[in-house]
Amino acid sequence: MRFFTATVLGLLAPSLAAATNATTPFRVALPSDFKPAQVFQNTNVVRNTNLEKSYARETVNLVVENIDKKPQSDYYVPFPADVFERVGGFEVRDKKAPQQGRFEVTVTEPVASSETQYFIVHFPEPLAPKSQLTLGISYSLLSSLSPLPATINQNEKQYLSYRFSAYVPSAYQTLTQKTKLKLPTTDVPEYTTTQGLKSGADPERKGATYTYGPYDTAKVAPGTELPVFVRYEYTHPVITVNLLERDLEVSHWGGNLATEERYWLRNNASQLTNQFSRVEWTFASYQKAPTCAVRELTYPLLPGSVDAYFIDDIGNVSTSRYRPGTAKTGANLEFKPRYPIFGGWNYSFKLGWNNNLSSFLRKTANADSYVLKVPFIQGPKMAEGVQYEHVVLRVVLPEGAHNVRYEILEGTTSNGLPGQNQINATFSSLKTYMDTLGRTTLTLEVDSVTDEARDSQLIVTYDHTLMDALRKPLTIFGGLLAVFFGIWSVGNLDVSIKKR
Amino acid sequence: MAQSSPLDIVLKGSSGQSTRGLLRIIILLTIAAAAVASRLFSVIRFESIIHEFDPWFNFRATKYLVQNGFYSFWDWFDDRTWHPLGRVTGGTLYPGLMVTSGVIYHILRFLTIPVDIRNVCVLLAPGFSGLTALAMYLLTCEMSTSPSAGLLAAAFMGIAPGYISRSVAGSYDNEAIAIFLLVFTFFLWIKAVKNGSIMWGALTALFYGYMVSAWGGYVFITNLIPLHVFVLLCMGRYSSRVYISYTTWYALGTLGSMQIPFVGFLPIRNSDHMSALGVFGLIQLVAFAEFVRGFLPGKQFQKLLTAMVLLTFGLGFGGLVLLSVSGIIAPWSGRFYSLWDTGYAKIHIPIIASVSEHQPTAWPAFFFDLNFLIWLFPAGVFMCFQKLKDEHVFVIIYAVLASYFAGVMVRLMLTLTPIVCVAAALALSSILDSFLTMGRPDPEALANAGAEDSKTLRSTSKPVVGIYSFFSKLTVSASVTVYLLLFVSHCTWVTSNAYSSPSVVLASRLPDGSQHIIDDYREAYYWLRQNTPDNAKIMSWWDYGYQIGGMADRPTLVDNNTWNNTHIATVGKAMSSREEVSYPILRQHDVDYVLVVFGGLLGYSGDDLNKFLWMVRIAEGIWPDEVKERDFFTSRGEYRVDDEATPTMRNSLMYKMSYYNYQSLFPAGQAVDRVRGSRVPAESPQLNTLEEAFTSENWIIRIFKVKDLDNFGRDHSNAVSFDKGLKRKRAAKKKGPRVLRTE
């Protein structure tokens, strides 16, 4: 029946316009002995490293000067190949005019000789010789903090360690530089001190802030490392989402935007030396003692979110609380995993809710064209932050939607996502709920994102005509007609063996 | 008479017939909807979840079928159960249930309706109970000319607790579809006997084959239909109708049943099936005799008949004995013996006796499960005696057999329920038909009749005062209405309170009245699923095997299939022995984790310590020298867990695991076990070879990890006392009087 109607209606349907701006991230291949040409010089570099969350967040402000004779527009930012894949939300702006938006950035393959990978920053206008530009680079380093000791007892404090080079890695000569390290506590049992690099103590301590530098590095070759090690107390979980699948389903008939998220979560905190003890855990939770186990996650939802659910592979998790909130404040979903998630433990689950479509979808002046504005990722909001290793966002548009385009909204500050050319976009078709042609589906995949990206917005525009909307009722009508006709004609057959 | 009533126009004549037909369809659909709706308590109250124990296996098998297709399901060797033996699952299960839900799933998927296989499984039983109500209508309509009997029977079947107990949403067990198939097969059989039609006989065989693929209880049909035929023959009611329908059914049905690998050649080798074969032979002889009778004079025929009967009986009996002795025909199974002797299992097969649903039924259970149907039942059977057509003989036989079986085993209440519904509906419909119709006998005709014998009692001379009076009609119909209303409220109450708990999830109330869910089972199972290696072997008592396989997705040693008593006894021995004995058993079976259920903190009485004696008994059955039930009782014969517990008890692995570290939850010396209501010894038992790996929030599930061999080659008790900083125990130094060393 389905094929019958599919063929009939397929003739009526307009040919689906093919995907419009699907992208796959590409990487520039470099020769094996590649070294960026020394056409720039960093006059001053200030790096702020923030370790208050469970991943490192760095912003680097640098004054770049063109020391070549020709105008230059490509600035190389190096990372070791093993760190490179864990760099999340890499973004570069003109520090003096951040409202002009992010610079275009391309990515390279690793260079065989030096095991280095580069982000190539393309200036919108080439930088004239002798002139300067102030760049603001921001990114986060996922899984960069490792617990030390790696195993602790259930009620012990957890210490994280962070290793970096006090000389900011750069492909170019740097004149002066310093690094400000912001730690979550003042309980810092170990940190590297340097001698003779600058006057006074290095690092300078001020509360939980440690400043390495300023160093005069005019004579230090680019790429030189000055390893620094810090170890600090951090008795909080290190929440890592190995994979987040997020589905947004738009239904014009139902006026509904359904969201479902599937998480594969892992706590990368210190593991337990011994096994889990329920007695200790009962007493510790009674005293509300700090712990590196995930006890509960809070998930703020947008205003008007209803029908929230929290399930996992074996059914409903009864320990969740849903606070609907008012129209303005938005709802809150507080959910407890079935068991406390200690270091090294996994937990996978599903969340979902519904929203009224009218607050996300607008019709444009052009009658059959729609604009959908939805959050790119939402995710739980935790003081210790959440890092996502891989995110797959699927926007399921109504059946017959065509001429689909998407765009990620850029503001004056970082939205936590990498540039659009680093997001893998594909279009496909999904058949569900008696579809004949299937629903147009936009799939966006991105690696290494943190909860900084919670506020990012995705805009999808598409065309959807009245004929597209009527296809399904007509299909079902046709199908039922065929069934009734079939039954009627079978009922009229005479198969008896009696003589007439 | 209200001849001019507008209702009569639609209720009488040819348009009336179709109106009544439409009404009947609407009523039946409403009954089916009510049957489905009354089974949804647990879904509404909890969630769409598979219940109990066995359904978890069926659910897992269905998932396997849906994912891997029919042929690999057929050949499924499951190496994740009964470690290290594995189980030839495809050949040792009744696939009807899984295949049914697989087919439904694939149809829905074909229509691109994105339904989860779990929801298909959860809602299968309610859906089929709607069909059962319809089948019941058809069956009862064959028994009675009254149109109301069928509808009443359908309504009874829809909501009778005896059937609901096995078919609430989530109770995804073989019975879910088997009862529908049972009733429908009987309907087809009655139809076949009545019409003597090959078509109906073949349909009976078809649904019998489906029934065989769905439930081991098919043996009931296998024996009931031959018995029906046998009784008919004995009553001298041989007819070609019976011959045609029985031979058609037997030949096709037996072939059909042999297609199921688990059944295979049982229909010709197992004693349970011999009556069908015997009756098949008998009916051929009877038919032959009938045939011959037409050609021979009476006297010769008598002689021939006697000779033939003696010969065949002698041959048949001799053959049966010979085949039984030589082992070609399998002897009766243990469960079969326990049907005749309720004490049999307790003595010989503790594993059968340990299952609560194999216990004899308590009398109140009949009223609890059937309410007022149980006292209408004899009346209905009596009315069958009054008519005593072929189909009524069937009802009587069914009623007698099912009543006996339901008295022997609790779970067989299920097979009794359909016939109770039929009989009760027959009785009630005849009451209603007599008292609800407004018609009175024609006074003139009565007067004529009265004139003929005017010497009768004075009370009958005015017949309109008797049962035709408005008062008596009102009384009877009002009381019947009250009974029916009570029945509905009883059924609702029983369903809601007794049969709608998933038992995986426990519900309790918080002080503010809101529902609090105790979800320890799933907490622990999900922990296992997420945080242990994929092939970690879990040892637990067999009750939890299916749940661990389904929810934790880990290999288990024993499960609810209980096909290997020795393996179960091995687990029982490991649980009931000292650590020194248990540890080698655990190592030999590659056990990584041991799971126990402990209800002491919450007062959850279905825990392992309460089942412990069964473990001991089953282990004792295999190793009577090593495990002795007597050692677990104190000298006064008490089963205690406190300070007075016997040393064997306190040293058993089960006891140690249950109470390990439990004392530290309480102030010193105050630890209380709320299930057994006794104070627990102040000192926590010491575990040397196991370590606590996980305990659920309310301590219901405790999981212990089996320690690896010690790195320094010490035995575990030495290693533990070393870690605690204790001095190493010297090897049993006897404190005798000091003696001078001579050597």
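Keep in mind that this is a model prediction, so the values were computed, not measured.

### Observations regarding the overall build of chain B
And step 1. Scanning chain B from N- to C-terminus turns up 33 helices and eight strands.
And step 2. Within chain B, the proportion of its 743 residues that are buried is 41%.
And step 3. Long-range contacts, defined as pairs at least 24 residues apart, comprise 71% of the intrachain contacts of chain B with a sequence gap of at least 6.

### Some remarks on the environment of Ser469(B)
And step 1. Tracing the backbone shows Ser469(B) in the loop between helix H24 (458-461) and helix H25 (470-498).
And step 2. Ser469(B) sits 34 residues away from Phe435(B) along the chain, and the two C-alpha atoms are 9.5 Å apart.

### What to know about the domain arrangement of chain B
When the parts of a complex come together, some accessible area is lost, and that lost area is often used as the size of the interface.
All names here are of chain B.
And step 1. Domain annotation of chain B identifies domain 1 (15-429) and domain 2 (518-723).
And step 2. Taking the mean C-alpha position of each, domain 1 and domain 2 sit 40 Å from one another.
And step 3. With 17 residues of domain 1 in contact, the opposing surface of domain 2 contributes 27 residues.
And step 4. Among the secondary structure elements, those contributing two or more residues to the side of domain 1 that touches domain 2 are helix H4 (54-74) and helix H18 (350-353).
And step 5. Top contributing element to the side of domain 1 that touches domain 2 by residue count: H4, with five residues.
And step 6. Across the side of domain 1 that touches domain 2, the residue classes break down as nine nonpolar, four polar and four charged.

### Here we look at the interface of chain A and chain B
And step 1. Listed as interface residues are 22 residues of chain A and, on the opposing side, 26 residues of chain B.
And step 2. Going through the elements one at a time, helix H3 (278-286), strand E22 (315-316) and strand E25 (346-356) of chain A are the ones with two or more residues in the side of chain A that touches chain B.
And step 3. Residues belonging to the side of chain A that touches chain B are distributed by class as follows: eight nonpolar, eight polar and six charged.

### Notes on the UniProt feature "domain: STT3/PglB/AglB core" (unreviewed entry) in chain B
And step 1. Within this numbering scheme, the UniProt entry marks residues 538-587 of chain B as carrying the feature "domain: STT3/PglB/AglB core" (unreviewed entry).
And step 2. Annotated as residues 538-587 of chain B, this span is 58% helix and 4% strand, and its ends, taken at the C-alpha atoms, are 12 Å apart.

### Comments concerning the pairing of strand E12 (residues 173-182) of chain A
Residues and elements named next belong to chain A.
And step 1. Sheet topology note: the strand E2 (residues 40-50)/E12 ladder contains nine bridges and is parallel. When the bridges of E12 are listed, Val46 appears paired with Lys178.
And step 2. Examined bridge by bridge, E12 and strand E15 (residues 209-216) share six bridges and lie antiparallel to one another. Each residue of the ladder has a partner; that of Gln177, found in E15, is Tyr215.

### A closer look at H25(B)
Residues and elements named next belong to chain B.
And step 1. The terminal C-alpha atoms of H25 lie 41 Å apart, and with 29 residues this matches the ideal 42 Å at 1.5 Å per residue to within 8%.
And step 2. Of all the residues in H25, the buried ones are Phe487, Cys491, Val494 and Thr495.
And step 3. In the core, the buried residues of H25 are packed alongside helix H3 (41-45), helix H7 (147-159), helix H8 (161-164) and helix H19 (363-370).

### Things to note about the UniProt feature "transmembrane region" (unreviewed entry) in chain A
And step 1. With numbering aligned to this structure, UniProt lists the feature "transmembrane region" (unreviewed entry) at residues 474-495 of chain A.
And step 2. What you have in residues 474-495 of chain A is 86% helix and 0% strand, and the ends, taken at the C-alpha atoms, are 34 Å apart.

### Concerning the nonpolar core
And step 1. One finds Ala153(B), Ala154(B), Met211(B), Cys421(B), Ala423(B) and Ala424(B) to be the most contacted residues of the largest nonpolar core, which totals 281 residues.
And step 2. When residues of this core are assigned to their parent elements, the largest contribution, 16 residues, is made by helix H9 (residues 175-195) of chain B.

### Thoughts on helix H27 (residues 545-552) of chain B
And step 1. The buried count for H27(B) comes to eight of eight residues, which makes it a mostly enclosed element.
And step 2. Burial in H27(B) covers these residues: Gly545(B), Tyr546(B), Gln547(B), Ile548(B), Gly549(B), Gly550(B), Met551(B) and Ala552(B).

### Let's talk about the domain arrangement of chain A
Residue and element names in this part refer to chain A.
And step 1. Taken as a whole, chain A is organised into domain 1 (2-24 + 238-474) and domain 2 (31-144 + 159-233).
And step 2. Here domain 1 and domain 2 have C-alpha centroids that lie 33 Å from each other.
And step 3. Taken together, the contacts link 23 residues of domain 1 with 22 residues of domain 2.
And step 4. At the level of secondary structure, the elements contributing two or more residues to the side of domain 1 that touches domain 2 comprise strand E17 (239-251), strand E28 (386-399) and strand E31 (439-450).
And step 5. Counting residues per element, the side of domain 1 that touches domain 2 draws most heavily on E31, which supplies three residues.

Criteria and cut-off values
- Residues numbered from 1 in each chain as written.
- Chains lettered and ligands numbered in written order.
- Predicted model: local features only at pLDDT ≥ 70, side-chain atom pairs only at ≥ 80, totals over all residues.
- Helix = DSSP H or I, 4+ residues; strand = E, 2+ residues; numbered from the N terminus.
- Buried ≥ 20, exposed ≤ 12 C-beta atoms within 10 Å, placed from the backbone.
- Contact = placed C-beta atoms within 7 Å.
- Domains from an automatic or database assignment.
- Nonpolar A, V, L, I, M, F, W, Y, C, P; charged D, E, K, R; others polar.
- UniProt positions renumbered as here; feature names shortened; annotations may be inferred.
- Pairing = 2+ DSSP bridges.
- Expected span 1.5 Å × (residues − 1).
- Core = buried A, V, L, I, M, F, W, Y, C linked by C-beta atoms within 7 Å.

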